[in-house]
Amino acid sequence: MASDPNPITLGFVPLLDAAPLLLAQELGHFAAAGLNVRLSREASWANIRDKLCVGTLQGAQLLAPMTLSVTLGLNRVQAPLTTSFVMNRNGNVITVSSSLYEQLRALNPEATASAHTSVLMLKALIDQRRELGGPTLTFATVYPYSCHNYLLRYWLAAGGIHPDHDVNLVVIPPAQMVSQLAAGRIDGFCVGEPWNQVAVAQGHGRILLNSWDIWHNAPEKVLAVHRDWAAVHPGPHLALVRALLRSCQWVEDPANRDEAFAILTQPHYLGFPPATLHAALRNGRHTFAREAANCPWPAHGLWMLGQMMRWGQVRPDIDARSLIDAVFRPDVYLQACEQEGLPVPERTLSQVGFHAAPWQFGKLLLGADRFIDGIRLDTTRFGDYLRQFAISNLGE
């Protein structure tokens, strides 16, 4: 297929879950779809946000909740974004300093045995430090509107820790996490791999839990494009999704992992050694394709919006359903699946958090989706869901 002469510039941050973009370029999937793609390595999510807004980037690997925050203009930078493709599920990890890890184990030798026990022991340690007049613990995430932030908060709250009162939360770009931990400026972080492996290898941190332990199969990075670009270029948009489907199917096959890591370790992509990426993939429990991992379910977007409301980032009286329907576009994904000969769901997903194991959804096998606290989201009763967190959805 002849390539489109108009280049499409896609941004990425050097993390393991950028793999679908990088592999689609290197394996020729973009070119086979008739696309002229240029990849732009970016230092932070704020860089990608700004370039999407001004049009320097037509699309990007993006934190899934950023599609909502940028559309709403929550950082005073606004552009209507949309996503039709989830690049991966899982992949975030909570790492703490070696000192904090040992303090938890001093309280209870089994403190790090599970996500439940670790957060309960962290609560006990926070209470102890408060009584003794000790400093407040500081945790870092990569962006205020990220699954990293919401999952860290979710885990803390599940143990009775208020993330805005009992700890300090700060934002640090992924590449600076380890150095800040080593310097003692933060006590822990939630970041995508392979930075957790780097912290462990350098002796600065210990892995406490991963995002799977908080929400099984949480959506992580997505392909985000400017909504106006998608409207003007529906063909290239669909072709991008088809190319990414192919790269995700390819990297999901363990037989292709060594070749994939040989590509990803290049300095202009991730630049980490293969052993680090292998360990990161195992620890992060990344899912790139299986169990319909790439579908941008609106129900997942509604969960993210609910967390924004829970923590006061968004008023609860906005038109949630209209926003979600505009941003999360499974219709383009379904069209791409049909053209690629992949199975498609017969209906949309309306419930999240109901399954502790893989389950059958029509003809599709979907992954487990339980939350650490057992709370469930039924999208037909969104107001009831919010009221569990003492939020009244004025717009319901």
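Above this text you will find the structure in question.
Treat the numbers as computed from the prediction; the structure is a model and nothing was measured.

### A word on the environment of histidine 204
Then, in step 1: Inspection of the secondary structure assignment puts histidine 204 in the loop between helix H9 (195-201) and strand E9 (205-210).
Then, in step 2: Sequence spacing of histidine 204 and alanine 292 is 88 residues, and the spatial spacing of their C-alpha atoms is 36 Å.
Then, in step 3: When neighbours within four sequence positions are excluded, histidine 204 is seen to be in contact with Val96, Ser97, Ser98, Val178, Leu181, Ala182 and Ala199.

### Focus: the sheet that holds strand E3 (residues 59-63)
Strand pairs in the sheet, formed through backbone hydrogen bonds, run parallel or antiparallel to each other.
Then, in step 1: Across the sheet, which stays open at both edges, the 5 strands sit in the order E2-E1-E3-E10-E4 with mixed pairing between neighbours. Both outer strands of the open sheet, strand E2 (37-41) and strand E4 (81-86), are each paired with one neighbouring strand and no more. Taking each pair of neighbouring strands and ignoring which way they run, the sheet shows an average axis angle of 35°.
Then, in step 2: Note that strand E1 (residues 8-12) and E2 share 5 bridges and pair parallel. Directly across from threonine 9, in E2, lies its bridge partner arginine 38.

### Observations concerning the sheet that holds strand E5 (residues 92-97)
Then, in step 1: Read across the sheet, 5 strands follow the order E7-E6-E8-E5-E9 without closing on themselves; strand pairing throughout is mixed. Looking at strand neighbours, the two that pair on one side only are strand E7 (168-171) and E9, the edges of this open sheet. Averaged over all pairs of adjacent strands, the angle between strand axes in this sheet comes to 25°, irrespective of strand direction.
Then, in step 2: In this sheet, E7 lies alongside strand E6 (residues 138-141) in parallel orientation, the contact comprising 4 bridges. The residue bridging phenylalanine 139 from the neighbouring strand is leucine 169, located in E7.

### Quick word on the pattern of salt bridges
Then, in step 1: Here the structure, examined in full by the defined rule, presents 17 salt bridges.
Then, in step 2: The salt bridge partner of glutamate 220 is lysine 221, with a shortest N-O separation of 2.9 Å.
Then, in step 3: Of the charged contacts in the structure, one is a salt bridge between arginine 329 and aspartate 331, with a shortest N-O distance of 2.7 Å.
Then, in step 4: For aspartate 331, a relative accessible area of 41% gives the class partly exposed.
Then, in step 5: Shared partners join several salt bridges into a network, and the residues in it are Lys123, Asp127, Arg130 and Asp166.

Calculation criteria
- Residues numbered from 1 in each chain as written.
- Predicted model: local features only at pLDDT ≥ 70, side-chain atom pairs only at ≥ 80, totals over all residues.
- Heavy atoms only, no water.
- Helix = DSSP H or I, 4+ residues; strand = E, 2+ residues; numbered from the N terminus.
- Contact = heavy atoms within 4.5 Å.
- Pairing = 2+ DSSP bridges.
- Axes fitted to C-alpha atoms, helices over the stretch in contact; angles between N-to-C directions.
- Salt bridge = Lys/Arg side-chain N within 4 Å of Asp/Glu carboxyl O.
- Buried < 20%, exposed > 50% of the residue type's maximum accessible area, 1.4 Å probe, protein only.

These results come straight from atomic positions and should not be treated as a statement about function.
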